[in-house]
Amino acid sequence: MSDPLDEAAVRALATLDASALYGKPVPPRAWHVDGLIPSGTVTIVNGDGGTGKSLIAKQLGAATILARPWLGRPCVGGRVLYLSAEDDRDEIHRRLVDIARAEDVSLADLDGLVIAPLAGEDAVLAAPDGRNGLIKETPLWRGLRFQAVTLEPALIILDNSADVFGGDENNRAQVRQFVGMLRGLAIETGAAIVLLSHPSVAGMASGSGTSGSTAWSNSVRSRLYLKRVTTNEGGSILEPDPDLRTLSTMKANYGRTGETIPLRWRDGVFVAEETATPSTLDRMTQAARAERVFLDLVDAYSAEGRAVSPSPSASYAPTQFARDPRAQGIPKGALIAAMNALFAAGTLATAETGPPSKRRQRIVRNTNPEAN
């Protein structure tokens, strides 16, 4: 009777005895971005449409080329391979110009940031085989792998999962196979692979930022979530400051979860609010809300023919607005701070009203902010 064990299959399973590691130096943990994106594996960055995923990914690519910090965090230098199925060539050009300006370099200094612009084209890297439903690589995947092996990048960015994954995002087996392909490439090249992905409506509502099968989050070693900063006022979701975002660590097999980095969009790029903590982030949100309410009341009073003054008087705007139910309970002190911030930003101006013998200043919207 023959041995029921398949000797060839047994030989194919490589094993390691733990004792063989005795006395050998422990390899350090390799991070591409300290504490956020590990090297040699896959990280997912979730974010709903329009939050700026592609922008911060391009900033990450530039930071890698320049060996500079990304969003305030140390970043490893090296070449970058960026597959972009979202932005076309012109949009990529515009964004890179903004990023180079922010870094005080030229586009020539981004040599080694290799981009494959595939917007409007078939960007699928893997799809189910029609016969058995197993995920099978496409010719584009083989081209990506060839480029990665040839270029030896420190970072590979795939933008985004909806374009590069041709399977069912709710099919656990297919998702795990696809992420396994990506992880195999990361191990082969040593690169950090960042996969951008849109969350589902349920993922946004729950705050998890996930979409499809839980295998997406379970199969990667790190997952980040970029989202807008919103408030719930009377059952309505409002965005007090449209330029504010948070980047949160939702999963970190090799580090700490729950960390949040406040970001602000400024001059075409996102910058970290380095001194912000959860409490200061809340204050920033409240300040933005007070500014929005102040502007709304300036418009309302103007439409009603009611003048308000920027100086302490009977018609002092913060005093008048604090008494108005439309101020939503924002106190006078916060309204004073909002008024000063809006004047400093050039959003508000003053205009003179009344007869020549008794001219008074009133607050108005600035119709020519460029003049300030």
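Quantities reported herein were computed from a predicted structural model and do not represent experimental measurements.

Definitions and limits used
- Residues numbered from 1 in each chain as written.
- Predicted model: local features only at pLDDT ≥ 70, side-chain atom pairs only at ≥ 80, totals over all residues.
- Heavy atoms only, no water.
- Helix = DSSP H or I, 4+ residues; strand = E, 2+ residues; numbered from the N terminus.
- Buried < 20%, exposed > 50% of the residue type's maximum accessible area, 1.4 Å probe, protein only.
- Polar contact = N/O pair within 3.5 Å; in protein donor to acceptor, adjacent residues only side chain to side chain.
- Pairing = 2+ DSSP bridges.
- Phe/Tyr/Trp six-rings, centres within 6.5 Å; stacked < 30°, edge-to-face > 60°.
- Lys NZ or Arg CZ within 6 Å of the ring centre and 35° of its normal.
- Core = buried A, V, L, I, M, F, W, Y, C linked by side-chain atoms within 4.5 Å.
- Contact = heavy atoms within 4.5 Å.

Caption draft 1: Representation of the side chain of N366. Looking at the element boundaries, N366 is found in the segment after strand 17 (360–365). Note on N366: relative accessible area 17%, which makes it buried. Looking at N366, its side chain comes within polar contact range of the main-chain oxygen of G346, at 2.8 Å.

Caption draft 2: Looking closely at the pairing of strand 3 (residues 42–46). In terms of residue burial, strand 3 counts as a mostly covered element, since five of its five residues are buried. Of the two faces of strand 3, the one holding V42, I44 and N46 and the one holding T43 and V45 are both buried throughout. Pairing analysis gives five bridges linking strand 3 to strand 9 (residues 192–197), with the strands arranged parallel. Across the sheet, residue I44 finds its bridge partner in strand 9, namely L195.

Caption draft 3: Spotlight on the packing of aromatic side chains. Under the counting rule described, the total for this entry stands at five aromatic pairs. A ring pair is formed by Y301 and F321, whose centres lie 4.9 Å apart and whose planes are at 80°; its orientation type is edge-to-face. With Y301 in helix 9 (residues 278–303) and F321 in helix 10 (residues 317–322), this pair connects stretches of sequence that are 20 residues apart. The exposure classification of Y301 matches that of F321, with both residues buried. Among the aromatic residues, those joined into a ring-pair cluster are F165, F178 and W216. Positioned over the ring face of Y301 is R306, at 4.1 Å from the centre of the ring.

Caption draft 4: Structural context of the environment of S106. Secondary-structure assignment places S106 in the loop between helix 3 (89–103) and strand 5 (113–117). Residue S106 is classed as partly exposed on the basis of its relative accessible area of 35%. Residues S106 and L96 lie ten residues apart in sequence; the distance between their C-alpha atoms is 9.4 Å.

Caption draft 5: Summary view of the pairing of strand 13 (residues 244–252). Within strand 13, eight of the nine residues are buried, which leaves the element mostly enclosed by the surrounding structure. Two elements, strand 10 (residues 222–228) and strand 13, share seven bridges in a ladder whose sense is antiparallel. For S222, the partnering residue across the bridge sits in strand 13 and is A252.

Caption draft 6: Structural context of the nonpolar core. Counting residues in each nonpolar core, the largest one holds 37 residues, and the members touching the most others are I37, L60, W70, V194, L247 and L263. Mapped onto this core, the elements with two or more residues apiece are helix 2 (53–66), strand 4 (80–84), helix 3, strand 8 (155–159), strand 9, strand 10, strand 14 (260–266) and strand 15 (269–272). A total of eight residues in this core trace back to one element, the largest contributor, which is helix 2. Setting aside its immediate chain neighbours within four residues, V194 contacts I37, T43, V45, L60, L155, I156, I157 and L158. Of all hydrophobic cores here, the second largest spans 31 residues; its members include A123, W141, L144 and A191.

Geometric descriptors of this kind do not, in isolation, establish any biological role.
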